[in-house]
Amino acid sequence: MEQGSSKIIDCTIRDGGLINNWDFSVEFVQDLYNGLSDAGVEYMEIGYKNSAKLLQATEPNPWRFLDDAFLNEIIPEKKFTKLSALVDIGRVDANDVLPREQSALDMIRVACYIREVDKGLELVQLFHDMGYETSLNIMALSSVPENQLIEAFKLVEASPVDVVYIVDSFGSLDPADIEHQVKKFKAMIPNKQLGIHTHNNMQLAFANTLTAMRNGVTFLDASVYGMGRAAGNCNTELLVSHIQKASYELKPLLGVIEKHMLAMRQKWEWGYIIPYMISGTLNEHPRVAMAYRASEERDQFVDFYDKVTSPEASLAPESK
């Protein structure tokens, strides 16, 4: 695979916000945007475009409920890096979305579970018609039965979606699994570009992302310093330093980490931590591990392991 055709989508604000309830300063987001642009990173996911009303949110949260007027204020001049936002099925109000020519956003990505693919593709069609680049991110792939995937992909193939994502939601896949998934996706939707979104529960986010790239995946999700939910994501700085592309420059990202993210890492926890490793090896959602890390027992790893592996432990992901 020609490395030059790959594109990085930095998810620091969107996925990292799941760690700190999107408590990012405007200065940090501006510095991150400028740093990513100077580093040659193609996209920055600047948050969720979900509806505060639908989620009955009582507090304003600019990165969770992106507003176009606010975006134009904080990024008055777009640089090299394009902007994307993620929406969830049932949590976005289409009336909140302006046509692309009136918005700072270039891409809108739709996240859904396999059973909601039809609803996800309705949103994709809507955003596509408004002029946006689109992606469909099917979550929790590691627990999807094959026959469901085949049915869903007939719909995906017929849709205008630009990119379809292989999402390792639980950080439970290894490079062989990723290669298998990519080959399956390519066979079922040969006309679509593919993306990869990894989590670092088993220290494999970077390796899994490279494996996907070498097998023909072009859109690579990552976050600076790995900041993302629970074990975090593949590190943007690793991809920028590793992929042979003349436009990539590591130093601006080191500047952002040095100026902002060392202090953030002291305040908020993410990355390879034993309870997240355990949830990854068990192919389970990290919510139980996250709750454990927020409790007084946070470092009692043996107790946590016993709890989640006992027969009565039910860690099945709840339906949304």
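An unreviewed UniProt entry annotates the chain as Aldolase catalytic domain-containing protein of Halalkalibacter suaedae. Regarding the chain, the relevant UniProt record gives this comment under Catalytic activity (unreviewed entry): "pyruvate + acetyl-CoA + H2O = (3R)-citramalate + CoA + H(+)". Word for word, the UniProt comment on the chain under Pathway (unreviewed entry) is "Amino-acid biosynthesis."

Let us look at the UniProt feature "domain: Pyruvate carboxyltransferase" (unreviewed entry) in the chain. Within the UniProt annotation, "domain: Pyruvate carboxyltransferase" (unreviewed entry) is assigned to residues 6-258. For residues 6-258, helix accounts for 38% and strand for 17%, while the C-alpha atoms at its two ends are 27 Å apart.

Our next topic: the packing of helix α2 (residues 26-39) against helix α9 (residues 251-267). Contact pair α2 / α9: the axes reach a minimum separation of 8 Å and the direction vectors enclose 155°. Our classification of the angle between α2 and α9 gives roughly antiparallel. Remark: the crossing between α2 and α9 carries left-handed chirality. Contacts from Glu27, Phe28, Asp31, Leu32, Gly35, Leu36, Asp38 and Ala39 in α2 reach Pro252, Leu253, Val256, Lys259, His260, Met261 and Met264 in α9. Along the lines of polarity and charge, the residues of the contact of α2 with α9 split into nine nonpolar, two polar and four charged.

Now for the state of the cysteines. Enumeration over the complete set of coordinates arrives at zero disulfides. In this model Cys234 remains outside any disulfide bridge; the closest cysteine sulfur is found in Cys11, 10 Å from its own. When its relative accessible area of 1% is taken as the criterion, Cys234 is described as buried.

It is worth spelling out the confidence of the model for the chain at this point. Looking at the chain as a whole, the pLDDT averages 94, with 96% of positions reaching at least 70. Predicted confidence for residues 315-320 stays below pLDDT 50, and this span has 16 contacts to residues more than four positions away or in other chains.

Within strand β7 (residues 193-197), four of the five residues are buried, which leaves the element mostly enclosed by the surrounding structure. In the sheet, strand β6 (residues 163-167) pairs with β7 via five bridges, with the strands oriented parallel. Residue pairing in the sheet places Val164 in a bridge with Leu194 of β7. Each parallel crossover has a hand, and for β6 linked through helix α6 (residues 175-188) to β7 it is right-handed. The sheet contact formed by β7 and strand β8 (residues 219-222) spans two bridges and is parallel. Paired with Gly195 across the bridge in β8 is Phe219. What joins β7 to β8 is helix α7 (residues 205-214), and the crossover it makes is right-handed.

Parameters at a glance
- Residues numbered from 1 in each chain as written.
- Predicted model: local features only at pLDDT ≥ 70, side-chain atom pairs only at ≥ 80, totals over all residues.
- Heavy atoms only, no water.
- UniProt positions renumbered as here; feature names shortened; annotations may be inferred.
- Helix = DSSP H or I, 4+ residues; strand = E, 2+ residues; numbered from the N terminus.
- Axes fitted to C-alpha atoms, helices over the stretch in contact; angles between N-to-C directions.
- Parallel < 35°, antiparallel > 145°, perpendicular 65-115°, else oblique.
- Left-handed = near helix turned anticlockwise from the far one by under 90°.
- Contact = heavy atoms within 4.5 Å.
- Nonpolar A, V, L, I, M, F, W, Y, C, P; charged D, E, K, R; others polar.
- Disulfide = S-S within 2.5 Å.
- Buried < 20%, exposed > 50% of the residue type's maximum accessible area, 1.4 Å probe, protein only.
- pLDDT = per-residue confidence, 0-100.
- Pairing = 2+ DSSP bridges.
- Right-handed = clockwise from strand over helix to strand, strands pointing away.

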